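What the coordinates show
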Amino acid sequence: MSEATADAHGSVLVTGAGGVIGAHAAAEYARRPGWRVRGVSRRRPRTTQWDHLPVDLGDPDAARAGLASLGDVTHLVFAAYTERATAREASEANVALLRNTLDGLAAAGAPLEHVTLYQGGKAYGAHMGFFNTPAKETDPRIIQPNFYYDQEDLLREVAAERGFRLTVFRPEGVIGYAVGNPMNLLMVIAVYAAIAKELGQPLRFPGSLAAYDALYQVTDAELLARATVWAGSEPRADGEIYNVTNGDQIRWRHLFPAFARHLGMEHAEPQPVPLAEAMADRRDVWERLVARHGLVSTPYEDLVRWEFGEFIFTSGFDNVSSTIKLRQAGFADCLDTEHRFLELFDRLAADGVIPPFR
C-alpha cells in the first residue's frame, strides 16, 4: 500500500491485535482501501496484512518510544487487556495501558480523530450473578470497582481535552477465527469436542443445567470489526456506548445437539465438568491429535482458556442485551449464531487448527 493511498482515508493503530477482537478489527481495516494499519501485540501473529509493533504499553517510557514513529495515526482501536488478581489491580493496570497509548500517540504528534474502546457484560454485572435483561446502555453502573468504568472515564476526559471522538462497544461471548488466543468461546467448544471424540465420548454440555437453559447472546468477531470501522467514520457514534451482538438469542440446549450432528458425534445430556481442572489433564490427548493430523502447532496453554469456558457454561441466568440503540443509529448487521458456529468449525478443520470430525 502506498503512502498516498493510505492517506486517502487514514491510519489506524490497533492495540491487542493478537487477540480475537483486535485481530479481526485490524484485518477488517486492512481489507478496506485507503487505510494504513498497524497492530500492537505481545506476540507476533503468524500472518497479517498489517504492520506488527511489539510495544510494551504497560511501561510509559517504552510506549512513548515504541509509538514515536506513529505521527500519522488518525484512528485508535483499543483492544489491549491484561489480567490481574483483584479488581483494583486490574483497573490500575488496564487504565495504564490506555493512558500510555494515548500519551504516546500525543507525543508522536498523531492527529487522532477517533478511538474505539471495548467493554463487555461485566459493565452490567454479568460476572456477579443476575442482572436486569435485556441490558441497556443507559443502565446504571454497578457499585463494584470495574476497570471498564475507569478506562471510559479516562478516555472521555482525554477526548474532551484533545478533541477526538470516541465510541464504546459492549460485545458478549465473542467468537471468531483465531489461533493462539485462548479467550475465544469458539475454541473452547471446538477443542473440548475434539478431545471428547478422541476419547470415544459423546458431546455433552459441560456446564450447569441452569446455564444449559438460560438465554445467551454471542458476538461474532467479524461483525464486531465491521461495527468498529463503521463507528470510526459515523458522526452519530460520537461519544456513544453500544451493545453489539449477532442479534439473536440462543440456548445451549439447542446448540449442543446441533454441534454434535454437525461434528459427527453422539449427543448426551449435560454433565457438569470443572473444565479448568479436567482439561488441564488432557494435554496428551490434544498433542496426540496434533501429531496424527498434522495440526497447526499451538502451545496447549495458548489454545484455550478453560476457566473462561467454565465461567460461561456455569452462568445460570439470562444474559441478553438490547441492540436497539445500535440499530437505530444505522448499524443493522446481524448473523445467525448457530450457522456461524458451524461455519467456523468447518474453517478451523479445513485449515488444520482442529482435527477433521467427519
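Check the entry above for the structure.
As a starting point, this report considers the structure included with it. What you are looking at is a predicted structure, and each value in this text was computed from that prediction instead of being measured.

The number of helices and strands found in the protein is 15 helices and 9 strands. For a compact globule of 358 residues, the expected C-alpha radius of gyration is about 21 Å, and the protein comes in at 20 Å, within 12% of that figure. Seen through its principal axes, the protein has C-alpha atoms that stretch 60 × 45 × 35 Å. Considering the protein as a whole, with its 358 residues, one finds that 55% of them fall into the buried category. For the protein, the share of sequence-separated contacts (at least 6 apart) that also reach a separation of at least 24 residues comes to 80%. Total accessible area computed for the protein in this model is approximately 15,400 Å², and 49% of it derives from carbon and sulfur atoms.

Turning our attention to the side chain of His114. Mapped onto the elements, His114 comes out in strand 5 (residues 114-118). In terms of polar contacts, His114 uses its side chain to reach the side chain of Thr167, at 2.9 Å. When residues no more than four places from it in sequence are discounted, the contact partners of His114 are Thr74, His75, Leu76, Phe164, Arg165, Leu166, Thr167, Ala231 and Gly232.

Turning to the packing of helix 6 (residues 185-198) against helix 15 (residues 337-350), a few remarks are in order. Two numbers describe how helix 6 lies on helix 15: the axes approach to 11 Å, and their chain directions differ by 65 degrees. Along this stretch, helix 6 crosses helix 15, giving a crossing that reads as right-handed. Here Leu186, Met187, Ile189 and Ala190 of helix 6 lie close against helix 15, whose contacting residues are Phe341, Leu344, Phe345 and Leu348. Looking at the contact of helix 6 with helix 15 residue by residue, the class counts come to 8 nonpolar, no polar and no charged.

With that settled, the discussion passes to the pairing of strand 1 (residues 10-15). Looking along a regular strand, one sees the side chains alternate between the two faces of the sheet. By the criterion of burial, strand 1 is predominantly enclosed, with 6 of the 6 residues buried. The two faces of strand 1 match: Gly10, Val12 and Val14 on one face and Ser11, Leu13 and Thr15 on the other face are all buried. Two elements, strand 1 and strand 2 (residues 35-40), share 6 bridges in a ladder whose sense is parallel. Its bridge partner being in strand 2, Val14 is matched across the sheet by Gly39. Where strand 1 and strand 4 (residues 75-78) come together, 4 bridges link them in parallel fashion. Opposite Leu13, over in strand 4, you have Leu76 as the bridge partner.

A few words now on the nonpolar core. Nonpolar side chains in soluble globular proteins tend to end up buried together. Membership of the largest hydrophobic core comes to 50 residues, with the highest contact counts inside it found for Leu185, Trp252, Phe259, Trp286, Phe313 and Phe341. The set of elements that each furnish at least two residues to this core consists of helix 6, helix 7 (209-213), helix 9 (252-262), helix 11 (283-293), helix 12 (300-303), helix 13 (306-313) and helix 15. Sequence-distant contacts of Phe313, defined by excluding residues within four places in its chain, comprise Leu185, Val188, Ile189, Phe205, Pro206, Gly207, Ser208, Ala211, Trp252, Phe256 and Leu275. In this structure, Ile21, Trp35, Tyr118 and Phe331 belong to the second largest nonpolar core, which totals 31 residues.

A cis amide bond links Thr133 with the next residue in sequence, Pro134, at an omega value of -5 degrees. Looking at where Pro134 falls in the secondary structure, it is placed in the loop between strand 5 and helix 5 (147-162).

What follows is about the packing of aromatic side chains. Inspection of the entire model under this criterion finds 21 aromatic pairs. Three or more aromatic residues joined by ring pairs make a cluster, and in this case those are Phe205, Tyr212, Tyr216, Trp252, Phe256, Phe259, Phe313, Phe341 and Phe345. Sitting above the plane of the Tyr124 ring, Arg170 keeps its charged end 4.9 Å from the centroid. One cation-aromatic arrangement involves Arg347 over Tyr177; the distance from NZ or CZ to the ring centre is 3.7 Å.

Attention shifts here to helix 15. Counted at 1.5 Å a residue, the expected span for helix 15 with its 14 residues is 20 Å, and the 20 Å between its end C-alpha atoms agrees. Buried residues of helix 15: Thr337, Arg340, Phe341, Leu342, Leu344, Phe345 and Leu348, and no others. The backbone nitrogen of Glu338 has a side-chain oxygen 3.2 Å away, supplied by the residue at the start of helix 15, namely Asp336. The positive-phi residue at the C-terminal boundary of helix 15 is Gly352, with phi of around 75 degrees.

So, on to the sheet that holds strand 5. If you walk across this open sheet you meet the 7 strands as 3-2-1-4-5-6-9, and the pairing is parallel. Each edge of the open sheet is held by one strand with a lone partner, namely strand 3 (51-53) and strand 9 (240-243). On average, each strand axis in the sheet is tilted by 20 degrees relative to the strand beside it, whichever way the strands run. Judged from the 4 bridges that link them, strand 6 (residues 165-170) and strand 9 form a sheet pairing that is parallel. Residue pairing for strand 9: Thr167 is matched across the bridge by Glu240. Each of strand 1, strand 4 and strand 5 touches helix 4 (residues 87-107); the most contacted strand, strand 4, lies at about 165 degrees to it. In the packing of helix 8 (residues 221-233) onto the sheet, the strands contacted are strand 4, strand 5, strand 6 and strand 9, and the crossing angle to strand 6 comes to about 160 degrees.

Basis of the calculations
- Residues numbered from 1 in each chain as written.
- Predicted model: local features only at pLDDT ≥ 70, side-chain atom pairs only at ≥ 80, totals over all residues.
- Heavy atoms only, no water.
- Helix = DSSP H or I, 4+ residues; strand = E, 2+ residues; numbered from the N terminus.
- Rg over C-alpha atoms; globule rule 2.2 N^0.38 Å.
- Buried < 20%, exposed > 50% of the residue type's maximum accessible area, 1.4 Å probe, protein only.
- Contact = heavy atoms within 4.5 Å.
- Areas by Shrake-Rupley, 256 points an atom, 1.4 Å probe, with all protein chains shown as cover.
- Polar contact = N/O pair within 3.5 Å; in protein donor to acceptor, adjacent residues only side chain to side chain.
- Axes fitted to C-alpha atoms, helices over the stretch in contact; angles between N-to-C directions.
- Left-handed = near helix turned anticlockwise from the far one by under 90°.
- Nonpolar A, V, L, I, M, F, W, Y, C, P; charged D, E, K, R; others polar.
- Pairing = 2+ DSSP bridges.
- Core = buried A, V, L, I, M, F, W, Y, C linked by side-chain atoms within 4.5 Å.
- Phe/Tyr/Trp six-rings, centres within 6.5 Å; stacked < 30°, edge-to-face > 60°.
- Lys NZ or Arg CZ within 6 Å of the ring centre and 35° of its normal.
- Expected span 1.5 Å × (residues − 1).

Nothing here speaks to function; it is geometry throughout.
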